[in-house]
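Fold and geometry: a report
Listed here are the chains, written in short residue letters.
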Amino acid sequence: MLADRLEQIEERYTEIGKQMSNPEVATDIKKVTELAKEYSKLEKTVVKYREYKQLLSQLDGLKEMSKETDPEIKEMAEMELEEINNRIPILEEELELLLIPKDPNDEKNVIVEIRGAAGGDEANIFAGDLFRMYSKYAEHMEWKIEVLSAEPKEAGGYSQIEFMVSGDSVYSHMKYESGVHRVQRVPQTESSGRVHTSTATVVVLPEAEEIDFEIDMQDIRVDTYCSSGPGGQSVNTTKSAVRVTHIPTDTVAQCQDGKSQHENKASALKILRSRLYDKMLQEAQEKEAGERKSKIGTGDRSEKIRTYNYPQNRVTDHRINLTIQQLDRIIDGRLEAVIEALISEEQKRKLEKQ
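As a starting point, this report considers the structure included with it. In this text the structure is predicted, and so the values were computed from the model without any measurement.

Moving on: the overall build of the protein. The helix and strand tally for the protein stands at ten helices and eleven strands. Buried positions account for 42% of the 354 residues belonging to the protein. In the protein, 62% of the contacts between residues at least 6 apart in sequence involve partners at least 24 apart. Of the roughly 19,200 Å² that the protein leaves accessible, carbon and sulfur atoms contribute 48%.

Below is the structure:
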């Protein structure tokens with residue numbers, strides 16, 4: 001029952017509030033942090049539920065007032081009844097959505113990796129276009145972007161670029177972007193004017209903190225080398241670039257864009273930790289087949305998820321059969337229409353499973 005679950009959430013919310021005001025708990029920083037995090041997650045649901053209960057409690061009184069002989073009181077009661085009767089179903093729908101089990105990673109920052117795939121120079125140029133698209137989207141969402149590693153190409157774009165996106169609930173929006181992105185257009189490198197198809201791959205990893213996944217440094221091999229620019233030429237003579245390898249899983253991460261070897265090592269370990277954490281999540285999802293089916297964009301990384309057709313100014317997301325004739329806006333970072341449609345579809349799937 002919806003009401004039973006909401007009552008339990010409200011009770012837990014009240015209990016946490018009491019624990020946080022307990023002087024003995026207040027001295028335990030780790031405990032207080034955990035409680036504050038849980039309290040914050042429950043707050044929106046509790047506020048909505050309390051509004052819902054308050055409206056229900058007003059109904060009987062207003063129904064009685066609507067039977068009054070005084071026309072002014074009767075009219076006022078009927079107006080308020082109409083407002084409440086319109087508001088209650090909206091609140092019920094919002095509460096149902098709030099009760100959908102949350103992805104524990106939704107609040108996290110992300111590490112995004114884009115690689116040029118099929119199509120040679122054009123694939124790398126497209127990878128650069130995708131990076132610009134996500135940078136613009138991050139700007140609209142008031143998120144911060146930090147490039148961790150990049151391999152620019154002379155023809156333009158990147159063979160590979162990794163960057164962190166930090167801000168409010170980044171993973172809850174960006175997690176749908178993992179997969180193969182396909183572009184159909186006349187390449188800048190093509191003189192005959194024929195439309196070509198090229199692809200780039202995108203992987204979105206939730207940023208793993210030490211509390212999520214602790215790395216044993218005895219399992220890590222660290223290699224240093226000279227950083228390189230477009231075409232592979234060395235851009236400095238000091239070995240500031242760093243490659244880290246997790247020996248048990250042969251998982252590799254590297255970084256060369258920091259100002260020092262120390263900075264590059266820290267960034268490479270951040271990428272490595274997130275890759276290992278993501279691998280652990282993927283393995284857990286394999287065991288939870290039903291949960292995986294309800295998700296969009298966090299499954300098969302080789303799945304073709306979206307096509308960007310320039311001649312028709314069209315973007316198609318193949319997972320939900322969504323077509324929008326606004327490629328120019330979307331490639332300029334206005335991804336909201338696509339992301340919101342994906343979020344709505346996943347919520348619908350989860351509601352059907354409840």
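The discussion continues.
To continue, consider the pairing of strand β9 (residues 304–309). With five of six residues buried, β9 lies mostly within the body of the structure. Examined bridge by bridge, β9 and strand β10 (residues 314–317) share four bridges and lie antiparallel to one another. Among the inter-strand pairings, Asn309 is bridged to a residue of β10, identified as Arg314. Connecting the antiparallel pair β9 and β10 is a turn made up of four residues, with Asn313 showing a positive phi of about 50 degrees.

Another point: the environment of Gln19. Looking at where Gln19 falls in the secondary structure, it is placed in helix α1 (residues 2–20). For the pair formed by Gln19 and Lys31, sequence separation is twelve residues and the distance between their alpha carbons is 9.8 Å. For Gln19, the residues in contact, after removing those within four places along its chain, are Arg12, Val25, Lys31 and Leu35.

The next subject is the sheet that holds strand β8 (residues 251–255). The sheet built from three strands is open, its strands ordered β6-β7-β8 with antiparallel pairing. Each edge of the sheet is formed by a strand with only one pairing partner; in this case those strands are β6 (220–225) and β8. Direction aside, neighbouring strands of the sheet carry axes that sit 15 degrees apart on average. Strand direction decides the pairing type here: strand β7 (residues 241–246) and β8, joined by five bridges, are antiparallel. Bridging across to β8, Val244 finds its partner in Ala253.

A separate point is the layout of surface pockets. Estimated volume of the largest pocket: approximately 1,100 Å³. Leu98, Ile100, Lys102, Asp106 and Glu107 are, among the 30 residues lining the largest pocket, the residues nearest its centre. Taken together, the elements giving at least two residues each to the lining of the largest pocket come down to α1, α3 (29–65), α4 (71–98), α6 (170–174) and α10 (336–353). In terms of residues, the lining of the largest pocket owes the most to one element, α3, which gives eight residues. Grouping the amino acids of the lining of the largest pocket by side-chain chemistry returns ten nonpolar, six polar and 14 charged. Composition of the lining of the largest pocket by domain shows at least three residues from each of domain 1 (1–99) and domain 2 (110–210 + 295–353).

Once that is clear, we can look at the packing of α3 against α4. Contact geometry of α3 with α4 gives a least axis separation of 9 Å together with a crossing angle of 150 degrees. When the axes of α3 and α4 are compared, the pair comes out roughly antiparallel. Along this stretch, α3 crosses α4, giving a crossing that reads as left-handed. Of the residues belonging to the contact of α3 with α4, the class tally is 16 nonpolar, three polar and nine charged.

One non-glycine residue with positive phi stands out, namely Glu142, at about 60 degrees. Along the polypeptide, Glu142 turns up in the loop between α5 (121–140) and β2 (144–152). Backbone geometry at Asp250 places phi at a positive 55 degrees, although glycine is not the residue there. Topologically, Asp250 is positioned in the loop between β7 and β8. For Asp250, a relative accessible area of 57% gives the class exposed.

In this structure, Val112, Ile114, Leu130, Tyr134, Met174 and Tyr308 are the most contacted members of the largest nonpolar core, which totals 35 residues. At the level of secondary structure, the elements contributing two or more residues to this core comprise β1 (110–116), α5, β3 (158–166), α6, β5 (196–206), α9 (327–331) and α10. Ranked by residues supplied to this core, first place goes to α5 with eight residues. If we ignore the near neighbours within four places in the chain, the residues touching Val112 are Ile161, Glu162, Phe163, Val165, Met174, Val202, Val203 and Val204. Ile9, Val25, Ala77 and Leu91 belong to the second-largest nonpolar core, a separate cluster that totals 21 residues.

All right, on to a negative patch on the surface then. Residues Glu68, Asp70, Glu72 and Glu75 make up a contiguous surface patch of negative charge. Along the polypeptide, Glu72 turns up in helix α4. According to the relative accessible area criterion, Glu72 is exposed, its value standing at 64%.

Reading the values: the criteria
Residues numbered from 1 in each chain as written. Predicted model: local features only at pLDDT ≥ 70, side-chain atom pairs only at ≥ 80, totals over all residues. Heavy atoms only, no water. Helix = DSSP H or I, 4+ residues; strand = E, 2+ residues; numbered from the N terminus. Buried < 20%, exposed > 50% of the residue type's maximum accessible area, 1.4 Å probe, protein only. Contact = heavy atoms within 4.5 Å. Areas by Shrake-Rupley, 256 points an atom, 1.4 Å probe, with all protein chains shown as cover. Pairing = 2+ DSSP bridges. Axes fitted to C-alpha atoms, helices over the stretch in contact; angles between N-to-C directions. 1 Å grid on protein atoms, 1.4 Å probe; cavity = no way out; pocket = protein on both sides within 12 Å on 5 of 7 lines; lining within 4 Å. Points joined across faces, edges and corners; volume = space filled by probe spheres on them. Nonpolar A, V, L, I, M, F, W, Y, C, P; charged D, E, K, R; others polar. Domains from an automatic or database assignment. Parallel < 35°, antiparallel > 145°, perpendicular 65-115°, else oblique. Left-handed = near helix turned anticlockwise from the far one by under 90°. Core = buried A, V, L, I, M, F, W, Y, C linked by side-chain atoms within 4.5 Å. Patch = residues over 30% accessible without salt bridge, like charges linked within 9 Å, V, L, I, M, F, W, Y side chains within 5 Å. Salt bridge = Lys/Arg side-chain N within 4 Å of Asp/Glu carboxyl O. Lys, Arg positive; Asp, Glu negative; His and termini not counted. Charge placed at Lys NZ, Arg CZ, Asp CG, Glu CD.

In short, shape yes, function no, at least from these values alone.
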